[in-house]
There are 2 protein chains.
Amino acid sequence: MKAPASPFLCVLAGEALDAPPIWIMRQAGRYLPEYRETRARAGSFLDLCYNPALAAEVTLQPIRRFGFDASIVFSDILVVPDALGQPVSFHEGEGPRLPPLENAAAIAKLDPAKTGAVFEKVYETVERVCAGLGDTPLIGFCGAPWTVATYMIAGRGTPDQAPARLWAYRDPASFQALIDLLVETSVGYLVGQIKAGARAVMIFDSWAGVLPQAEFERWCAAPAAAVAKGVRERASGTPIIGFPRGANENYASFVAATDADALGCDTTMTPEFMTALAARCAVQGNLDPLALVAGGAALEDGARRILAAMRGKRHIFNLGHGILPETPVEHVEKLIALVRAGG
Amino acid sequence: MKAPASPFLCVLAGEALDAPPIWIMRQAGRYLPEYRETRARAGSFLDLCYNPALAAEVTLQPIRRFGFDASIVFSDILVVPDALGQPVSFHEGEGPRLPPLENAAAIAKLDPAKTGAVFEKVYETVERVCAGLGDTPLIGFCGAPWTVATYMIAGRGTPDQAPARLWAYRDPASFQALIDLLVETSVGYLVGQIKAGARAVMIFDSWAGVLPQAEFERWCAAPAAAVAKGVRERASGTPIIGFPRGANENYASFVAATDADALGCDTTMTPEFMTALAARCAVQGNLDPLALVAGGAALEDGARRILAAMRGKRHIFNLGHGILPETPVEHVEKLIALVRAGG
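Residues numbered from 1 in each chain as written. Chains lettered and ligands numbered in written order. Predicted model: local features only at pLDDT ≥ 70, side-chain atom pairs only at ≥ 80, totals over all residues. Heavy atoms only, no water.

Draft legend 1. Molecular detail of the packing of helix α2 (residues 33-42) of chain B against helix α4 (residues 52-66) of chain B. Residues and elements named next belong to chain B. Viewed as axis vectors pointing N to C, α2 and α4 meet at an angle of 175 degrees, and their least axial separation amounts to 10 Å. In terms of orientation, α2 lies roughly antiparallel with respect to α4. Residue-level contacts link P33, E34, Y35, T38, R41 and A42 of α2 to L54, E57, V58, Q61 and R65 of α4. In terms of residue class, the contact of α2 with α4 is built from 5 nonpolar, 2 polar and 4 charged. (Axes fitted to C-alpha atoms, helices over the stretch in contact; angles between N-to-C directions. Helix = DSSP H or I, 4+ residues; strand = E, 2+ residues; numbered from the N terminus. Parallel < 35°, antiparallel > 145°, perpendicular 65-115°, else oblique. Contact = heavy atoms within 4.5 Å. Nonpolar A, V, L, I, M, F, W, Y, C, P; charged D, E, K, R; others polar.)

Shown next, in the form of structure tokens:
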């Protein structure tokens, strides 16, 4: 492994910096006019994900404009089910749609041997981005098995992930088979992104916050730990960022299980909790995206509270959730200046 | 105040019982055939809430059928905005709709003097239920100011309460005016239910889980504390149950601010956290409603884990969220038998 050459990699390697590195979830997105322009040329959302030239272009746009300390490949967590043979589509304002998995037989029909053709497009995007990035490190990512499974079973995003939770209660054996398939596929997918040039990987468990503790440990923490272990075995030394969004008290068992190098923190996590967590690993977060939309005192007070609490700790500044399309670009500029000035 | 005559009131007064008392959120609801029959005769959902004879009937149905240890008046948290002059309607499968508050002037038009006509119907329901209940205590309730405000501003339920959060960031002064109005109205409404016969009151803060700590303290904890204080001043000795659903790490500051006699715990709260909380007050919860839908091992394991963790503590058994319409009645019977047997 090369010596860390960036503030972002330094913090992942265990350092605390005076001014934390900053990047923003969904930093390549609709709040940027240049993104909207490229998006309009691409066709569908998935067409953009699968077009290495255009996906690399939108990945690089926020780096060029703002000089963020990390880049993240433009893609989607549902690339994995799409690659496994469960076709995904996105409709404006409606979110993703998949033909829902109906039963154990449908799980058995998913085919890991099919994934190469899709994953290669993402790897090519990673290569193109790395060629254009200079020293800024690129983050590869995937959805966590639990979160991806909730979409595959419901066929869409749901407010409480009830279809997957109910399946797991009624038929834990077949649910485990789906999770195992996603663990294996996700390891290969992350390792492929690392081989293509990603310097860190992030596992997004967006729906980790709905499960009772026993189910959290079985369906969130254990599968994420298996993904992390598989990546370490095949791409040793690449830092791993976990993000069990909303898991709150379960963060402690999550970090113990996964031994993650860093954890994403959602908007509601308290400074006390993040500080305690930073004794175990780097922490990343957690400004409210709506404070960034609002700007003014909401933005300044919110960012300063986080910076003050995390001073001297292993901290990567980020939002607690993805940036919203209605966010004014000037507010992002203001935030970066504030973070780089140390508060 | 009369000496507690029920297991439910004993636990609220500080005792720990071998087999905890049990009631279920939304126990008067669509999973019961007798509820569906009454509901069909009532007209709209709000027509049922505002019909004291029928509302009392559905409140009593689950007590007659299951012998729950507490009853809760059949009503809705949106009775308060409806009473204040912001008309609420419910559409099957769509949830509530209100004409959204547009600006500070719309808040100023809400009229606490108008609430009497609506609230009197609920008080009459409370009186009728108490007459039919025997020794089973009745719980009165309201929505917490924050949660009610999110509906009043958005005009509907929203996945992340963004409209209210954004209003509070952009114009905290007018948002505070709305919260203050809701505090004052809620105190009067809860005191009215107590005078009509309620033996405990519960404050439902269903959307407490979306706010950063500073905003949680200002918009959730402080208003709930003001409601609790107002109720104590005017109806001393009536136990108060708080339920800042999803607030997780913020429960500690919530209980410190409100001095609640009991706290509702949502599905995701760990046994360790509930046990620690039980040193401060009684705790109520927290079986996953989907485990009750699934039945079998999911139901038995889930319930037994909670009972084992809370043995010897001040515990009221409940779900972590409202019972779902698709829940088989036999699963409720099974749960009650299991809880009454102590696990």
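Draft legend 2. Inspection of the packing of aromatic side chains at higher detail. Residue and element names in this part refer to chain B. If you walk through the whole model with that rule in mind, you get 28 aromatic pairs over all chains. Each ring, one from Y31 and one from F66, has its centre 6.5 Å from the other, and the planes form 10 degrees; the classification is stacked. Here Y31 is found in the loop between α1 (7-12) and α2, whereas its partner F66 is found in helix α4, with 35 residues between them in sequence. Residue classification places F66 among the buried residues on the basis of a relative accessible area of 9%. (Phe/Tyr/Trp six-rings, centres within 6.5 Å; stacked < 30°, edge-to-face > 60°. Buried < 20%, exposed > 50% of the residue type's maximum accessible area, 1.4 Å probe, protein only.)

Draft legend 3. Focus on the sheet that holds strand β1 (residues 71-72) of chain B. Residues and elements named next belong to chain B. In spatial order, the strands read β1-β4-β5-β6-β7-β8-β9; together these 7 strands make up an open sheet with parallel pairing. Edge positions in the sheet fall to β1 and β9 (315-319), since each of these pairs with one other strand and no more. Bridge count between strand β7 (residues 262-264) and strand β8 (residues 282-287): 3 bridges; the pairing is parallel. When the bridges of β8 are listed, A262 appears paired with A282. Where helix α15 (residues 296-310) meets the sheet, its contacts fall on β8 and β9, and the angle it forms with β8 comes to roughly 160 degrees. (Pairing = 2+ DSSP bridges.)

Draft legend 4. Molecular detail of the relation of the copies chain B and chain A. Aligned on chain A, chain B shows an RMSD of 0.0 Å; the corresponding rotation is 180 degrees and the shift along the axis is 0.0 Å. Taken together, the rotation and translation describe the operation of a two-fold axis. Mapped onto chain A, 100% of the interface residues of chain B are again interface residues, and the two copies thus contact each other with one and the same surface. (Least-squares fit on C-alpha atoms with pLDDT ≥ 70 in both.)

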